[in-house]
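Each chain, written out:
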Amino acid sequence: MAPWTRWRRMSAASERPDAEFGEIARLFRPLTRGAPEAFALLDDAAAIPSRTGFDLVITKDAVVEGVHTPVGEDPALIARKLLRANLSDLAAKAAEPFGYFLAIAWPKGYAAQGRARFAAGLDLDGAAFDLKLLGGDTVSSAGPLTASVTMLGWVATGTMVRRAGAKAGDRVLVSGTIGDGWLGLAAARGEIADPDGYLVGRYRLPQPRLDLRPLLLAHASAAADVSDGLVADAGHIATASGIGVRLDLDRIPLSPQAALWLAAQPDRAHGLIALATGGDDYEVVCTAAPDQAEAMGLTQIGEMTAGEGMTTFVDGRPVDAGPGGWRHG
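Quantities reported herein were computed from a predicted structural model and do not represent experimental measurements.

**Q** Whenever I open this one, the packing of helix 8 (residues 256-263) against helix 9 (residues 268-277) confuses me. Can you help?
**A** In a packed pair of helices, the relevant descriptors are the angle between the two axes and the axis-to-axis distance. Two numbers describe how helix 8 lies on helix 9: the axes approach to 9 Å, and their chain directions differ by 145°. The crossing of helix 8 and helix 9 is right-handed. Along the contact surface, helix 8 presents Ala258, Trp261 and Leu262, while helix 9 presents Arg268, Gly271, Leu272, Ala274 and Leu275.

**Q** Please explain the packing of helix 2 (residues 75-92) against helix 3 (residues 112-128) as it appears in this structure.
**A** Closest axis-to-axis distance for the helix 2/helix 3 pair is 7 Å, and the angle between their directions is 40°. By the angle between their axes, helix 2 is oblique relative to helix 3. Here the hand of the crossing between helix 2 and helix 3 comes out right-handed. Contact residues: helix 2 offers Pro75, Ala76, Ile78, Ala79, Arg80, Leu82, Leu83 and Arg84, while helix 3 offers Gly114, Arg117, Phe118, Gly121, Leu122, Leu124, Asp125 and Gly126.

**Q** Is there a simple way to explain helix 8 in this structure?
**A** Three- or four-residue spacings in an α-helix give side chains the same orientation, since the helix completes a turn every 3.6 residues. Regarding helix 8, the residues found buried are Ala258, Trp261 and Leu262. Looking down the long axis of helix 8, one finds its buried residues gathered within 100° of arc, a one-sided arrangement. Across from the buried face of helix 8, at angles greater than 90 degrees, the exposed residues are Pro256, Leu260 and Ala263. Where helix 8 is buried, its residues touch helix 4 (180-188) and helix 9.

About the thresholds
Residue positions are given per chain, counted from 1 along the sequence in the order it is written. At least 70 in pLDDT is required for a residue's local features to be given in this predicted model, at least 80 for side-chain atom pairs to be given and counted, and no such filter applies to totals for whole chains, interfaces and linings, which use all residues. Just so you know, side-chain values use all the structure's heavy atoms and leave hydrogens and water out. Here the axes come from fitting lines to C-alpha atoms, over the contacting stretch only for helices, and the angles between their N-to-C directions go from 0 to 180 degrees. Secondary structure is summarised from DSSP: a helix means a run of H or I of at least four residues, a strand means a run of E of at least two, and numbering begins at the N terminus for each. For any pair of crossing helices, the crossing counts as left-handed if the nearer helix is rotated counterclockwise from the farther one by less than a right angle, and right-handed if it is rotated clockwise. Note on contacts: a residue pair qualifies if any of its non-hydrogen atoms lie within 4.5 Å across the two residues. Angular relationships are summarised with four words: roughly parallel below 35 degrees, roughly antiparallel beyond 145, roughly perpendicular across 65 to 115, and oblique for the angles in between. Per-residue accessibility, obtained with a 1.4 Å probe over protein chains only, is compared with the maximum for each type, and a residue is labelled buried under 20%, exposed over 50%, and partly exposed between these values. Each direction from the helix axis to a C-beta atom contributes to the arc, which is the arc of those directions.

Right under this line is the structure:
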């Protein structure tokens, strides 16, 4: 990786600080949405006042072109997916989104039009989710487009829904439908048909489940967003809670498109494992006590168990789901 070109305030891909600051003013200052905490991006840091009665929830996700998105993807879509991946983490914590810090490594020679498209994507979803850019850094790199967001949200003191907190006997529930993100990547690569573009849309522009915040706060004992894969993320809850989990993969909710794909597979169990481990769904998997589970209105797919480890079943028969999803590093 090329050495970072460091200037006062945000660093830039350009070797000229005046060009850097001009780009910041043109592309990124509007994304602050006038937030006083950001100081119009004219300082090296933001200052966020405490909010009485609330905890500040902080999460961080990154995206690398060619790893998390296809090479040549519209920069606006990359930016929007980056924000939504972080929003999904806040949704699973039942946190109210507030703002974010952004770091971008532009590839050498990355066109001004591409940088403007990236900023346009941030602007579009910043408005949709009422997010404020609070600061960050831009650098140049010999590698692919790489961007990282540190996102902030608020939750009433002591009420953040953690991965830890599940108890043996709690039901495992999941929102939405599972497997669409993984199928959407295959569709984007031209590997499967997607005539109405639904699957590609689920992959490129996931919908963070911020609507679940009241339900999670009222009923959930633990939660995680489904980014690595449903099996893996349910396993994260079990590990953090110090107990085990059983999942019935034949009970996972499927979209009509995913159900059609599954019906065409020669081995139904293998197909269900693929859908449950593919990742990129950005739904929420959570646990709730038996007397709270029905009130959530989500699909029940299993149960937390005494002991440790993950067991997965299809039609009552144990199956091996492998690592369960995406492994980082």
